[in-house]
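Each chain, written out:
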Amino acid sequence: MKHAYASIFLVPVCLLLLLAQTTKADTLKITSNPAGATVEIDGVVVGTTPYEMKVPGGYFRKTHSVFGARLGHPMTLRVSKDGYATKEIGMTEGPMPWVALNGTYHGDYWLLKTNQFDVVLELVSKSFTGAIVATVAGNSKVEMRPELSVEDVVQQSKPAVVLLKRPDGQGSGFFITGTGVIVTNAHVARGEQTLVAMLATGQQLEAKVVYIDPDMDIALVKVDGNGFQHLQLADLTTVRQGQTVVAIGNPGEGMPFSVTKGIVSAVGRTAETSKGTWIQTDATINPGNSGGPLLNGYAEVVGMNTGKIVRKDVQNIGFALSSTDLIEVLHRFYPAVSTPNSPATQASDGIGSLTITSDPDGAEVYLDGRFVGNTPATVKLPAGPHTVQVKSTGRTDWERSIEILKDSQLNLKAQLLAPKP
């Protein structure tokens, strides 16, 4: 009986020893230069650099037993500090299947790439150089120009488009400055510190990921050099439903720098997201086109191709994030976006700001007959008279005539009433 009791006692002791070995904690360290940067892991702020945390040993190496702690999801590190470009890094490798010796599948797991992440932050002033050119609200005289042919739009724009390669796929982007700043989607750049940028000439350059806005799905990457051909931006006030648009990008199953043509099908919010204003187009957009430009007839960017609806019963519904949302993000680094061909009288009259809200929220806003977004909205307008219309389905349209003064800030709230029975 003594031996029987001893055997029963030894089994749990062995299990405890095994668990102790497989769950032993290791230290994960995160440092930055300069120090004192905010550390976010999977979107949660956990501290500032230098930062340390204890994690199970199974997060760094495969455990010896199914009882060991395993990392069941990928992890993303985001390090930010005022005045410096934010860095976002994929911390893990995987997924990898956990299969026991008897062939039983116990799920997937991920492993941390290293136990210490050293992040070098670059000054914003060093990363965001050059000048951005945009056609913004009030520049309507620019549209008196004759539109270019599709061939001319492509010829002028293609040298500014890039193919962006990452280890697990590719996307598109385009230069917005001559100093090497490239715009793309956040989902093209997320988890990587560098991408490979291939130009239309075939030249390949290292592109550093210098900023990511996951909420707006916008990323900025930077290559070294000067003199890059770059594209001008045109905000939503220049977009008309039915106008011709051209998409340039790099579909994964097609040839690089492919061109598709379509029209602006609609402009507004989408049911899938409340962030940003979207341009719906029937120009073909495929995986790999993400981050590429949607161009108007003047070879100006009106949107950034982002995705499409994939269903058997739906065809030719693609979406581009509006360049107005892109301009808003770029204002964080380029406070004064220059506008080409602005009339001298307009420059002397100055610019004012208009903020529009409504009840109910989310109504469509039209300025001088052009759609500019949904409420709440803030737009820049040249000084002078303007007409504001706010519309919502099932409600009576709201309209006002306003006068914008130089450097003024005007706030309007539209009460949209249900029509009388």
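Refer to the preceding data block for the structure.
Below, the structure is looked at part by part. Remember, predicted model here, so these are calculated numbers, not experimental data. (Residues numbered from 1 in each chain as written. Predicted model: local features only at pLDDT ≥ 70, side-chain atom pairs only at ≥ 80, totals over all residues. Heavy atoms only, no water.)

## Here's the deal with the overall build of the protein chain
Reasoning step 1: Scanning the protein chain from N- to C-terminus turns up six helices and 30 strands.
Reasoning step 2: Looking at the protein chain as a whole, 48% of its 421 residues qualify as buried.
Reasoning step 3: Long-range contacts, defined here as pairs at least 24 residues apart, represent 62% of the contacts in the protein chain between residues at least 6 apart. (Helix = DSSP H or I, 4+ residues; strand = E, 2+ residues; numbered from the N terminus. Buried < 20%, exposed > 50% of the residue type's maximum accessible area, 1.4 Å probe, protein only. Contact = heavy atoms within 4.5 Å.)

## Considering helix 5 (residues 323–330)
Reasoning step 1: Summarising burial for helix 5: six of the eight residues are buried, a large majority.
Reasoning step 2: Those residues of helix 5 not exposed but buried are Ser323, Asp325, Leu326, Ile327, Val329 and Leu330.

## Remarks on the pattern of salt bridges
Reasoning step 1: Under the counting rule described, the total for this entry stands at seven salt bridges.
Reasoning step 2: A salt bridge links Glu192 to Arg166, with the shortest nitrogen-to-oxygen separation between them at 3.5 Å. In this pair, Glu192 is assigned in the loop between helix 4 (186–189) and strand 14 (194–199) and Arg166 in strand 11 (residues 161–166), connecting sequence segments 26 residues apart.
Reasoning step 3: Among the charged side chains, a salt-bridge network with shared partners connects Glu40, Arg78, Glu88 and Arg190. (Salt bridge = Lys/Arg side-chain N within 4 Å of Asp/Glu carboxyl O.)

## Quick word on the packing of aromatic side chains
Reasoning step 1: Enumeration according to the criterion identifies four aromatic pairs in this entry.
Reasoning step 2: Measuring from centroid to centroid gives 6.0 Å for Trp98 and Tyr109, while their planes differ by 70°, and the two rings are edge-to-face. Taken together, the positions of Trp98 in strand 7 (residues 92–99) and Tyr109 in strand 8 (residues 105–112) put the pair eleven residues apart, joining distant regions of the chain. In terms of burial, Trp98 and Tyr109 fall into one category: buried.
Reasoning step 3: Centroid distance Phe128 to Phe333: 4.0 Å. Interplanar angle 20°. Geometry classified as stacked. Residue Phe128 is found in the loop between helix 2 (124–127) and strand 10 (134–135), and its partner Phe333 is found in the loop between helix 5 and helix 6 (344–349); the two are separated by 205 residues along the sequence. An identical accessibility class is assigned to Phe128 and Phe333; each is buried.
Reasoning step 4: Here the basic side chain of Lys391 rests over the ring of Tyr366, its NZ or CZ set 4.7 Å away from the ring centre. (Phe/Tyr/Trp six-rings, centres within 6.5 Å; stacked < 30°, edge-to-face > 60°. Lys NZ or Arg CZ within 6 Å of the ring centre and 35° of its normal.)

## Focus on the sheet that holds strand 30 (residues 409–415)
Reasoning step 1: Pairing is mixed across the open sheet formed by three strands, whose spatial order is 27-24-30. Each edge of the sheet is formed by a strand with only one pairing partner; in this case those strands are strand 27 (377–382) and strand 30. Geometrically, the sheet is characterised by an average inter-axis angle of 25° between neighbouring strands, direction not taken into account.
Reasoning step 2: Relative to strand 30, strand 24 (residues 351–359) runs parallel, the two sharing seven bridges. Bridge pairing in strand 30 links Leu354 to Leu410. (Pairing = 2+ DSSP bridges. Axes fitted to C-alpha atoms, helices over the stretch in contact; angles between N-to-C directions.)

## Re the sheet that holds strand 2 (residues 38–41)
Reasoning step 1: On the basis of which strands lie adjacent, the open sheet formed by four strands has the order 3-2-5-6 and antiparallel pairing. Looking at strand neighbours, the two that pair on one side only are strand 3 (44–48) and strand 6 (87–90), the edges of this open sheet. Neighbour to neighbour, the strand axes of the sheet diverge by 25° on average, direction disregarded.
Reasoning step 2: Bridge analysis of strand 5 (residues 76–80) against strand 6 gives four bridges, and the strand direction is antiparallel. Residue pairing across strands places Arg78 opposite Glu88, the latter belonging to strand 6.

## Topic: the side chain of Ser80
Reasoning step 1: Along the chain, Ser80 turns up in strand 5.
Reasoning step 2: For Ser80, a relative accessible area of 17% gives the class buried.
Reasoning step 3: With residues up to four places along the chain from it excluded, the contact list for Ser80 reads Ala37, Thr38, Glu40 and Thr86.

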